[in-house]
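Okay, here's what each chain looks like letter by letter:
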Amino acid sequence: MKYIAAIDQGTSSTRFIVFDHQGQIAAVDQKEHKQYYPQSGQVEHDPMEIWIRTQEVILNALQKSGIHPSEISALGITNQRETTVMWDRNTGQPLHPAIVWQDTRTDEICQELAKKGGQDRLRDKTGLPLATYFSGPKIKWLIENVPSVADAVKNGTALAGTIDTWLIWNLTGGKNGGLHITDGSNASRTLLMNLQTRQWDDSLLELMGIPASILPEIRPSSQIFGEAHGILEGVPIASVLGDQQAALFGQTCFAPGEAKNTYGTGCFMLMNTGQKPVPSNNGLLTTFGYQLENQPPVYCLEGSIAISGALVQWLRDNLGIIQKSSDIEALARTVDDNGGAFIVPAFSGLFAPYWRSDARGVIVGLTRFVNRGHIARAALEATAYQTREVLDAMRSDSGIDLQSLKVDGGMVVNDLLMQFQADILNVPVTRPKVAETTSLGAAYAAGLAVGYWKSLDELRAKWAPEKTWSPVMSKAVREKLYSGWKKAVTRSFDWIQE
Ligand SMILES: Nc1ncnc2c1ncn2[C@@H]1O[C@H](COP(=O)(O)OP(=O)(O)OP(=O)(O)O)[C@@H](O)[C@H]1O
Ligand SMILES: [Mg+2]
């Protein structure tokens, strides 16, 4: 058979991409879904809309390309992580909108849990700090606050999962025998999985008041799980990876010390640390990377940044100073520098390396000199500074000095940002030829499971650089800008009062 396909269900859109044996794109379609902001700090998606968009992009891509499902050897699934869905196994209907990873409604739950033992009390077991970002507290919130969820849990009809789980359940028959599964890369983001055993942990479930029966079975990331029904009838579903781990896989970071940074809605740097979880002392996450069938798991250090491309969208949608995201580069180029302005986009608090839910966004350094161009520039720079903070933490935790950074995601088409990124890191930054690394990684993992591709070495040989940005900024300028950023960050702290 000719192809491997992947569904990439992201925070802002869903893509379906069909790859050929070279790893080149043979067909693609993409659709956005609606973002709901019911209250300040809350973000929701409609799980049914996501399932409908998923089917639409599959159908469109097949129709446009003339590819038939019988030509597809396997399907991989990759997804926005942590976003939590609960539904009824008998009706197939969601019991509540999906609570998105950026949603901060579980702040009180997290603070309450942290009272005994502090924010890092679960780090030994889970690799994570207690934070609103993760799924477990979202499930706890649903059970405690939504009567229909509590009833369904009591009656044994409730199912819970992240978006991978929701899609696979629907793809494999839904209420007529749908599979209720996930993989470690998604399960490790719940605060409910033990990183060592890679299973749900009884004491964590008890702590959060979540019965194991509503949770999916944790499987390896690459394995034939079952066959799709409906529009992809008969195609084996053969991989599941959270989007960031999929991008790591698509960038072929298979060896310890290899790292990538993905610039999308948020920004996520992952470094492969091999077969042992490496604890972080600098505010990073210790997380599951991927696991191939019959192979040991691979772990990662991760620096998660909640808002990067989303700040560009905010300038577009909330301030209206640009029409489309790509306009930001031209606007930023109307000025030579940030004019002294810094934007700290702590819209959902700050993630790595701070984990401060009390922070909110600030724009500082304003004078009458500062104009739209400076604001555009400061918005792009914010992503680069946040990445520098994460890279510094990664150096300290891993003891590895990265010689270059592999990048991908929607923002890496922005030359100004990529040059500034290389400058502020003082490390070269390289974009690969296939920039759709998230889908590619899911496809690679699925292709390995069915023998379409034979080995990691075969995949590694396909990776090719397309463009590299080398640092040109003087040390003095770099350190002045970065210390300005550090000071700006402190101004975002302690904004939300209890
Ligand atoms: N030229 C550009 N300059 C800066 N930012 C851009 C540019 N083009 C797109 N973006 C930003 O990139 C982001 C989209 O990137 P991408 O498609 O990788 O997102 P994503 O994170 O995969 O989405 P999802 O969250 O749905 O997975 C948007 O936030 C958008 O504002
Ligand atoms: Mg994405």
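Residues numbered from 1 in each chain as written. Chains lettered and ligands numbered in written order. Predicted model: local features only at pLDDT ≥ 70, side-chain atom pairs only at ≥ 80, totals over all residues. Heavy atoms only, no water.

Colleague: Summarise the site of ligand 1; cite the residues concerned and give the values.
Modeller: The full set close to ligand 1 counts 20 residues, and Ser12, Arg15, Thr265, Ser325 and Gly410 are the nearest of them. Measuring from an oxygen atom of ligand 1, one finds a side-chain N or O atom of Arg15 at 2.7 Å. Between ligand 1 and Thr265 there is a distance of 2.5 Å, counted from an oxygen atom to a side-chain nitrogen or oxygen. Protein coverage of the free-state accessible area of ligand 1, which is 630 Å², stands at 86%. Mapped onto the shell around ligand 1, the elements with two or more residues apiece are strand 2 (13-19) and helix 10 (309-319). Ranked by residues supplied to the shell around ligand 1, first place goes to helix 10 with four residues. Here the shell around ligand 1 is built from residues that sort into six nonpolar, 13 polar and one charged. (Near = heavy atom within 4 Å. Polar contact = N/O pair within 3.5 Å; in protein donor to acceptor, adjacent residues only side chain to side chain. Areas by Shrake-Rupley, 256 points an atom, 1.4 Å probe, with all protein chains shown as cover. Helix = DSSP H or I, 4+ residues; strand = E, 2+ residues; numbered from the N terminus. Nonpolar A, V, L, I, M, F, W, Y, C, P; charged D, E, K, R; others polar.)

Colleague: Which residues make up the nonpolar core, and what values go with them?
Modeller: Judged by nonpolar contacts, the single largest core of 135 residues is most densely connected at Met86, Ile214 and Phe249. Looking at which element gives the most residues to this core, the answer is helix 12 (residues 372-398), with twelve residues. With sequence-adjacent residues up to four places away left out, Ile214 is seen in contact with Met86, Ile139, Ile143, Val153, Ala158, Leu159, Ala160 and His180. By size, the runner-up hydrophobic cluster in this structure holds 33 residues, among which are Trp51, Ile72, Leu171 and Leu232. (Core = buried A, V, L, I, M, F, W, Y, C linked by side-chain atoms within 4.5 Å. Buried < 20%, exposed > 50% of the residue type's maximum accessible area, 1.4 Å probe, protein only. Contact = heavy atoms within 4.5 Å.)

Colleague: Quick one: what's the story with the packing of helix 9 (residues 243-250) against helix 14 (residues 437-449), residue by residue and with numbers?
Modeller: Look at helix 9 against helix 14: their axes get within 6 Å of each other, and the N-to-C directions meet at 75 degrees. The pairing of helix 9 with helix 14 is recorded here as roughly perpendicular in orientation. Within the contact between the two elements, helix 9 uses Asp243, Ala246, Ala247, Phe249 and Gly250 and helix 14 uses Thr437, Thr438, Leu440, Gly441, Ala442, Tyr444, Ala445 and Leu448. (Axes fitted to C-alpha atoms, helices over the stretch in contact; angles between N-to-C directions. Parallel < 35°, antiparallel > 145°, perpendicular 65-115°, else oblique.)

Colleague: Lay out the pattern of salt bridges in plain terms, naming residues and giving numbers.
Modeller: In this structure the tally under the stated criterion is 34 salt bridges. Measuring nitrogen to oxygen at the nearest pair gives 3.2 Å for the salt bridge that ties Glu112 to Lys115. Remark: Lys115 and Glu112 occur in helix 2 (residues 107-115); sequence separation between them is three residues, near one turn of the helix. Residue Lys125 is joined to Asp201 by a salt bridge in which the shortest nitrogen-to-oxygen separation is 3.2 Å. Residue Lys125 is located in helix 3 (residues 123-126), and its partner Asp201 is located in the loop between strand 11 (199-200) and helix 8 (202-208); the two are separated by 76 residues in the primary sequence. Exposure remark for Asp201: the relative accessible area of 10% places this residue in the buried category. (Salt bridge = Lys/Arg side-chain N within 4 Å of Asp/Glu carboxyl O.)

Colleague: Talk me through the packing of aromatic side chains; I want residue IDs and the actual numbers.
Modeller: Throughout the structure, instances matching the rule amount to 22 aromatic pairs. Relative to Phe134, the ring of Tyr133 lies with its centre 4.8 Å away and its plane at 40 degrees, an arrangement referred to as tilted. For the pair shown, Tyr133 and Phe134 are each scored as buried. When the ring centre of Trp463 is taken as origin, the NZ or CZ atom of Lys406, which lies over that ring, is 4.4 Å away. (Phe/Tyr/Trp six-rings, centres within 6.5 Å; stacked < 30°, edge-to-face > 60°. Lys NZ or Arg CZ within 6 Å of the ring centre and 35° of its normal.)

Colleague: Give me the lowdown on the environment of Cys253, citing residues and values where you can.
Modeller: Topologically, Cys253 is positioned in the loop between helix 9 and strand 15 (259-263). Here Cys253 falls in the buried class, since its relative accessible area comes to 0%. Leaving out residues up to four positions away in the same chain, Cys253 has contacts with Leu248, Glu258, Ala259, Lys260, Asn272, Tyr290 and Lys406.

Colleague: Go over the sheet that holds strand 16 (residues 267-274), please, and point to the residues and values.
Modeller: A sheet is described by the order of its strands in space; here seven strands give the open sequence 17-18-16-15-21-22-23, paired in mixed fashion. In this open sheet, the two edge strands, each paired with only one partner strand, are strand 17 (285-290) and strand 23 (465-469). Strand after strand, the sheet turns through a mean of 30 degrees between neighbouring axes, direction not considered. Bridging between strand 16 and strand 18 (residues 298-305) involves seven bridges; their strand directions are antiparallel. Paired with Met271 across the bridge in strand 18 is Leu301. The strands touched by helix 12 within the sheet are strand 15, strand 16, strand 18 and strand 21 (405-408), with strand 18 carrying the most contacts at an inclination of about 145 degrees. Most of the contacts of helix 13 (residues 415-425) go to strand 23, to which it runs at about 60 degrees, and overall it touches strand 15, strand 21, strand 22 (429-432) and strand 23. (Pairing = 2+ DSSP bridges.)

Colleague: I'd like a description of helix 13, backed by residues and values.
Modeller: Where burial is concerned, most of helix 13 is hidden: nine out of the eleven residues are buried. Of all the residues in helix 13, the buried ones are Leu416, Leu417, Met418, Phe420, Gln421, Ala422, Asp423, Ile424 and Leu425. Where helix 13 starts, the residue carrying a side-chain oxygen 3.2 Å from the main-chain nitrogen of Leu416 turns out to be Asn414. One or two residues past the end of helix 13 sits Asn426, with phi positive at roughly 55 degrees.

Colleague: So what's going on with the sheet that holds strand 2? Which residues, and what values?
Modeller: For sheets, the rule is that strands pair by backbone hydrogen bonds, running either parallel or antiparallel. The six strands are arranged 3-2-1-5-14-13 in an open sheet whose pairing can be described as mixed. The open sheet terminates on both sides in strands that have one partner only, identified here as strand 3 (25-32) and strand 13 (222-227). Between one strand axis and the next, the sheet turns through 20 degrees on average, direction left out of account. Across seven bridges, strand 2 lies against strand 3 in antiparallel orientation. Its bridge partner lying in strand 3, Ile17 is registered against Val28. Each of strand 1 (3-9), strand 5 (72-79), strand 13 and strand 14 (236-242) touches helix 6 (residues 163-171); the most contacted strand, strand 5, lies at about 145 degrees to it.

None of the figures reported here should be taken as evidence of function without further support.
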